[in-house]
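Per-entry structural report
The residues making up each chain are set out below.
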Amino acid sequence: MPAEPSAKLRAVAIDLLWRQWRSLGAAATGRPVARQVDPEALILASLQCESEEPRLWTVMVDWLRSSARLSSVQRLKNLVGQFAGARELLPRLAASVTRESGDLRWRSLTRKGRNKDSPDPIRERAAGPTLESAPALMLRLRAAFGVGVKADLLAFLLGQRFRVSVATAASALGHSKPTVFRALQDLLEARMIRTTLTTTAAEYWIEAPPWEPLLGGAISRWGYWREILSYICALVQLERSTRGSASPYARAVAARDLAAEHETDLVRTELIDQELAVPRSAEWPDWKVFYSRFADRLANRV
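On a predicted model such as this, the values are computed, not experimentally measured, just so you know.

On to the packing of aromatic side chains, then. A ring pair, where both rings are aromatic, is described by two values, the distance of the centres and the angle of the planes. According to the stated counting rule, one finds nine aromatic pairs in the structure shown. Within the aromatic cluster, the residues linked to one another by ring pairs are Tyr231, Trp284, Trp287, Phe290, Tyr291 and Phe294. Stacked on the ring of Trp225, the Lys or Arg Arg301 has its end atom at 5.5 Å from the ring centre.

Here it is as structure tokens:
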């Protein structure tokens with residue numbers, strides 16, 4: 001059977017997951033990423049990709065054994081619906097993390113009663129989170145200020161080149177708009193961020209240079225991994241559901257509809273632009289080309 005057109009994209013995504021785990025101090029291979037890691041997006045995407053790369057489970061649970069305290073259970077709840085297939089897998093992970101780390105917050109993610117297929121304990125490999133690395137900025141701020149929306153907002157705003165709105169921050173972080181707005185007002189009152197009024201809405205930013213000596217150097221840009229990885233996970237799920245049962249035309253239409261749902265997010269990542277636009281085509285060869293070029297851009301992302 002020929003490889004799926006998105007096989008190259010899936011391979012790049014799995015390599016990217018390995019690199020992000022390495023950036024956070026996990027016992028993973030590959031060079032670290034340069035942009036900030038979104039830990040909850042990484043967990044949920046790793047769950048979905050575990051069927052293709054089972055070692056991700058071992059690396060993930062091993063790292064969470066010592067680092068679960070820096071994870072946001074609330075964000076996992078908020079984001080799980082955006083990662084195809086993760087909702088059914090998250091309770092199994094939560095049971096393992098609760099057992100391995102003793103973090104009882106994760107118990108709320110388990111199913112009532114016995115969680116089936118919970119594997120034997122995993123041998124400890126990771127020494128713990130690498131908080132001083134630039135891509136681990138969100139974890140570092142959570143360690144300093146507590147796990148919550150304000151630490152997440154600081155990491156997100158520090159990683160931006162442009163001012164952002166409440167809606168943009170809420171979408172990227174997976175928190176509700178009212179929650180993000182209240183947190184921004186508190187950060188404004190503390191004079192940690194700045195704001196300006198536009199013709200449509202207020203926009204917010206942080207003056208990053210004063211933070212650089214405190215954080216030990218240049219600050220990594222925000223990666224927008226949630227947007228990228230949730231699209232790839234949805235694409236993998238779509239291909240599994242249509243494999244061998246749909247015509248090329250039907251598959252192209254389904255691919256077009258899926259990309260349209262994610263297009264706003266993909267444009268925000270800057271992987272989609274005038275040179276590589278989302279196809280409007282119902283021709284399957286056009287989507288093969290798109291997936292290949294998108295994979296190349298993702299592989300070269302720094």
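Space inside the largest pocket adds up to approximately 220 Å³. For the largest pocket, the lining is made up of 15 residues, of which Gln160, Phe162, Tyr224, Arg268 and Glu270 are closest to its centre.

A separate point is empty space enclosed by the protein. Under the criterion given, the structure shown has two cavities of 30 Å³ or more. Here the largest cavity defines a volume of roughly 50 Å³. If you trace the largest cavity, you find it lined by Leu235, Leu238, Glu239, Thr242, Arg251, Ala255, Trp284 and Tyr291. At the level of elements, α11 (225-242), α12 (248-269) and α13 (284-299) are the ones that each hand at least two residues to the lining of the largest cavity. Sorting elements by how many residues they give to the lining of the largest cavity places α11 first, with four residues.

Turning next to helix α5 (residues 86-101). The terminal C-alpha atoms of α5 lie 21 Å apart, and with 16 residues this matches the ideal 22 Å at 1.5 Å per residue to within 8%. Taken residue by residue, α5 has Ala86, Leu90, Pro91, Leu93, Ala94, Ala95, Ser96, Val97, Thr98 and Glu100 as its buried positions. Buried-residue contacts for α5 involve α2 (39-49) and α3 (55-67). Once α5 finishes, Gly102 follows within two positions and takes phi at roughly 75 degrees, a positive value.

Per the counting criterion, the structure on display carries 26 salt bridges. For Arg268, the salt bridge is made with Glu227, and the minimal N-O distance between the two is 3.7 Å. Of this pair, Arg268 sits in helix α12 while Glu227 sits in helix α11, and the two are 41 residues apart along the sequence. Exposure remark for Glu227: the relative accessible area of 1% places this residue in the buried category. Across the salt bridge formed by Arg297 and Glu275, the nearest N and O atoms sit 3.5 Å from each other. Residue Arg297 is located in helix α13, and its partner Glu275 is located in the loop between α12 and α13; the two are separated by 22 residues in the primary sequence. Given a relative accessible area of 62%, Glu275 falls into the exposed group. Residues joined by salt bridges that share partners form a network here, namely Asp38, Glu40, Arg75, Arg142 and Asp152.

About the criteria used
Residues numbered from 1 in each chain as written. Predicted model: local features only at pLDDT ≥ 70, side-chain atom pairs only at ≥ 80, totals over all residues. Heavy atoms only, no water. Phe/Tyr/Trp six-rings, centres within 6.5 Å; stacked < 30°, edge-to-face > 60°. Lys NZ or Arg CZ within 6 Å of the ring centre and 35° of its normal. 1 Å grid on protein atoms, 1.4 Å probe; cavity = no way out; pocket = protein on both sides within 12 Å on 5 of 7 lines; lining within 4 Å. Points joined across faces, edges and corners; volume = space filled by probe spheres on them. Helix = DSSP H or I, 4+ residues; strand = E, 2+ residues; numbered from the N terminus. Expected span 1.5 Å × (residues − 1). Buried < 20%, exposed > 50% of the residue type's maximum accessible area, 1.4 Å probe, protein only. Contact = heavy atoms within 4.5 Å. Salt bridge = Lys/Arg side-chain N within 4 Å of Asp/Glu carboxyl O.

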